[in-house]
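Now for the letters of each chain:
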Amino acid sequence: MLDIEEKLKEIGPYVPEDDDDLLVCRCEEVTKGEIRQALHSGITTIEELRRLLRCGMGLCQGQTCGTLTRRLVAKELHIKPNDVVLATARTPMRPVDMGVGGNDRGLEEDAVKGGLR
Amino acid sequence: MKKTADVIIIGGGIVGCAIAYYLTKKGVKDIMVLEGSDSIGHGGSSRNGGGVRQSGRDPRELPIAMAAVQKFWPTLSEELGRDVEYTQKGNLRLGKTEAHMKKLQALADSCAAGGLKLDMISGDEVRKISPYMSEDVMGASFCPTDGHANPLVATLAYYLKDIELGVHFYTGAMVEALEKVKGKVRKVILKDGTVLEGGEVVVAAGYDSRRIINTIGLDIPMTPLVDCALVTEMEPEMFPQMLGTAAADFYGHQTKHGSFVFGSESGLEEFIDVKDPNDMRIQHPATLGASCRAIEGWIPALAKAKIVRSWSGILDMTKDGVCVLGRPKEADGLVLACGFNGHGFGTAPAVGYIIAQTIVGEDPICDINPLRYERFYEV
């Protein structure tokens, strides 16, 4: 269980750093400073960070910034990198045209049976 | 951790976070929110299509949806200090067949009876509003005051504001049971054995609410349904309306970011036996393809849009399709706000306000009597 208030007291307020304007997530242009500020205002998981700032939500789905973000979370929240839960991997892993996604006719019969259409 | 609070809210989704926020506005100081998972907004709050919709609502919920649109959404970004991307450019519910149009007309009539302004428009009028809609679209219902917002940010915006206002949040705080003391619901027992005591206990825990209130002998006839959603890469601005269809084969909108978010049903897997409502890694392999075909069928121009991610979530479906709000008569000290049937996001600010009113003893801005717990058991 995590007591958010206690955690915020423990890590202290956000203090700007020289390289806070560094881009961590290039796809969605999220900076180190934005991530650090979020962590010092009550965000405690990568899942929440992604939803608030969109880091790791772009075309590469966090393949570039995932490790950086994980290390930032560990450092700012005073937890072990191993204890930072990674973002859930989501299908389709690489961007796929909607036209291609809809062209899985092999499954069509199953889908019709399943009531999908 | 604190062991007592004036109000204990079980569930750190948008409803729980909004209740906490409006309670602070009403002067309640000692509020505790318990989130079972590690992340705020882990459930339906962050997994929905972002609709802020009054059209198509059950008459019992319509006044709450209208209050949300009239009194809360327009000023929410300013109030919470974060852009929740509220866009009020209307909702198009599309139809392709005569049967669809009949269904849309019935929904429109029901909403008009509740005082909502909404028009039935032709296919050509639909394409005037959005030229990207398929030539197959025969018509639509159009509610100009509907819209959409960003559910991920809106949920966390309430949460971060709550933190500023001194609300006590705990994540990974899974509730095992409730307990009455001298006939009043007071104790909240966590999975790790911690015992908490609240002056009032609010259950806003989505489908898990059923398990939690069962521990004091209450039950809501509801069942989980698994739905799926997908998001595309950024696209140039195409249309700002919220979309739905009479076929109910998809719903969604283009976000401020430029990506399209669409939700859809997931066939047989929709009825999968959900063992753990906090684990939502359930997805039918055929869903993505079926969603894509549905979307392309209504908006052919999106065939080239690239999907970057898909996910699933749980809908807490009640027997009669609407939520349960307020104080059950047989459990003094307990307040319910659950069973939103997959459309609780748009009403969340108004629900939060109404529940806060209920707790401090004010007359709520909307009549919630039709949504009372007892409705399932009255003869």
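Residues numbered from 1 in each chain as written. Chains lettered and ligands numbered in written order. Predicted model: local features only at pLDDT ≥ 70, side-chain atom pairs only at ≥ 80, totals over all residues.

A. Spotlight on the overall build of chain B. On a plain count of helices and strands, chain B comes out with nine helices and 18 strands. Relative to the globule expectation of 21 Å for 379 residues, the C-alpha radius of gyration of chain B, 20 Å, shows essentially globular dimensions. Along the first, second and third principal axes, the C-alpha set of chain B runs to 65 × 45 × 40 Å. The buried share of chain B, reckoned over its 379 residues, is 58%. A fraction of 74% describes how many contacts in chain B between residues 6 or more apart in sequence connect residues 24 or more apart. (Helix = DSSP H or I, 4+ residues; strand = E, 2+ residues; numbered from the N terminus. Rg over C-alpha atoms; globule rule 2.2 N^0.38 Å. Buried ≥ 20, exposed ≤ 12 C-beta atoms within 10 Å, placed from the backbone. Contact = placed C-beta atoms within 7 Å.)

B. Highlighting the overall build of chain A. Broken down by element type, chain A carries six helices and four strands. Each helix (α) and strand (β) of chain A, taken in turn from the N terminus, gives the series β-α-β-β-α-α-α-β-α-α. A separation threshold of at least 6 residues defines the contact pool for chain A, and within that pool the share at least 24 residues apart is 52%.

C. Inspection of helix H3 (residues 46-53) of chain A at higher detail. With eight of eight residues buried, H3 of chain A lies mostly within the body of the structure. Three or more residues of H3 of chain A are buried, namely Ile46, Glu47, Glu48, Leu49, Arg50, Arg51, Leu52 and Leu53 of chain A. Where H3 of chain A is buried, its residues contact strand E3 (30-31), helix H2 (32-39) and helix H4 (66-77) of chain A together with helix H6 (151-164) of chain B. Just past H3 of chain A, the residue Arg54 of chain A takes up positive phi, approximately 75 degrees.

D. Inspection of the interface of chain A and chain B at higher detail. Facing the 36 residues of chain A at the interface are 47 residues of chain B. At the level of secondary structure, the elements contributing two or more residues to the side of chain A that touches chain B comprise strand E1 (2-3), helix H1 (4-11), H3, strand E4 (96-97), helix H5 (98-101) and helix H6 (108-113) of chain A. Counting residues per element, the side of chain A that touches chain B draws most heavily on H3 of chain A, which supplies four residues. The class makeup of the residues in the side of chain A that touches chain B is 13 nonpolar, twelve polar and eleven charged. (Nonpolar A, V, L, I, M, F, W, Y, C, P; charged D, E, K, R; others polar.)

E. Fine view of the environment of Pro131 of chain B. Residues and elements named next belong to chain B. Tracing the backbone shows Pro131 in the loop between helix H5 (123-129) and strand E6 (139-143). When the 10 C-beta atoms within 10 Å are taken as the criterion, Pro131 is described as exposed. Residues Pro131 and Ile299, spaced 168 residues apart in sequence, show a C-alpha to C-alpha distance of 9.4 Å.

F. Representation of the pairing of strand E18 (residues 334-338) of chain B in the model. Residues and elements named next belong to chain B. Across the five residues that make up E18, a large majority, five, are buried. Judged by which residues are buried, E18 turns out to be covered on both faces: Leu334, Leu336 and Cys338 on one side and Val335 and Ala337 on the other are all buried. Across three bridges, the pairing between strand E11 (residues 195-203) and E18 is parallel. Bridged to Val202 within E18 is Val335. Strand direction decides the pairing type here: strand E17 (residues 324-326) and E18, joined by three bridges, are antiparallel. For Val324, the partnering residue across the bridge sits in E18 and is Cys338. (Pairing = 2+ DSSP bridges.)

G. Region of the structure containing the pairing of strand E15 (residues 260-265) of chain B. All names here are of chain B. Among the six residues in E15, six count as buried, and that is most of the element. The side-chain alternation of E15 yields two buried faces, one formed by Phe260, Phe262 and Ser264 and the other by Val261, Gly263 and Glu265. Sheet analysis places strand E14 (residues 251-254) next to E15, joined by four bridges and oriented antiparallel. Residue pairing across strands places Tyr251 opposite Gly263, the latter belonging to E15.

H. Representation of the packing of H3 of chain A against H6 of chain B in the model. Following both chains from N to C, one finds H3 of chain A and H6 of chain B inclined at 110 degrees, their axes separated by 8 Å at the closest point. Between H3 of chain A and H6 of chain B, the angle falls in the class roughly perpendicular. Here H3 of chain A and H6 of chain B pass one another in a crossing that is left-handed. Each of Glu48, Arg51 and Leu52 of chain A in H3 of chain A lies in contact with H6 of chain B, whose residues at this interface are Leu152, Val153 and Leu156 of chain B. (Axes fitted to C-alpha atoms, helices over the stretch in contact; angles between N-to-C directions. Parallel < 35°, antiparallel > 145°, perpendicular 65-115°, else oblique. Left-handed = near helix turned anticlockwise from the far one by under 90°.)

I. Spotlight on the domain arrangement of chain B. Residues and elements named next belong to chain B. Annotation of chain B at the domain level lists domain 1 (4-49 + 152-221 + 320-376) and domain 2 (88-143 + 223-318). Here domain 1 and domain 2 have C-alpha centroids that lie 29 Å from each other. If you look at the interface, domain 1 gives 22 residues, while domain 2 gives 16 residues. Taken together, the residues of the side of domain 1 that touches domain 2 sort by class into seven nonpolar, twelve polar and three charged. (Domains from an automatic or database assignment.)

J. How the structure looks around the nonpolar core. Formed by 146 residues in total, the largest nonpolar core has its most connected members in Ile9, Ile10, Ile19, Val202, Val203 and Ala337 of chain B. Once residues lying within four places of it in the same chain are set aside, the contact partners of Ile10 of chain B are Leu34, Val175, Val188, Val201, Val202, Val203, Ala204, Ala205 and Ile212 of chain B. (Core = buried A, V, L, I, M, F, W, Y, C linked by C-beta atoms within 7 Å.)

K. Layout of the packing of helix H2 (residues 62-72) of chain B against helix H9 (residues 348-360) of chain B. Residue and element names in this part refer to chain B. Two numbers describe how H2 lies on H9: the axes approach to 7 Å, and their chain directions differ by 95 degrees. Compared by their axis directions, H2 and H9 come out roughly perpendicular. Two secondary-structure elements touch here, H2 through Ile64, Ala67, Ala68, Lys71 and Phe72 and H9 through Pro349, Ala350, Val351, Tyr353 and Ile354. Of the residues contributing to the contact of H2 with H9, the split by class is nine nonpolar, no polar and one charged.

L. View of unusual backbone geometry. Residues and elements named next belong to chain A. Of the consecutive residues Thr91 and Pro92, the connecting peptide bond is found in the cis state with omega at 5 degrees. Along the chain, Pro92 turns up in the loop between H4 and E4. Unlike most non-glycine residues, His78 shows phi in positive territory, near 55 degrees. Its identity is not glycine, yet Met93 carries a phi of approximately 70 degrees, on the positive side.

M. Broad picture of the environment of Lys161 of chain B. Residue and element names in this part refer to chain B. Along the chain, Lys161 turns up in helix H6. Judged by the 20 C-beta atoms lying within 10 Å of it, Lys161 falls in the buried class. For the pair Lys161 and Ser130, spaced 31 residues apart in sequence, the C-alpha separation works out to 36 Å.

N. Spatial organisation of the confidence of the model for chain B. Per-residue pLDDT for chain B averages 95, and the proportion of residues at 70 or more is 99%. As scored by the predictor, the complex reaches a pTM of 0.95 and an ipTM of 0.93. (pLDDT = per-residue confidence, 0-100.)

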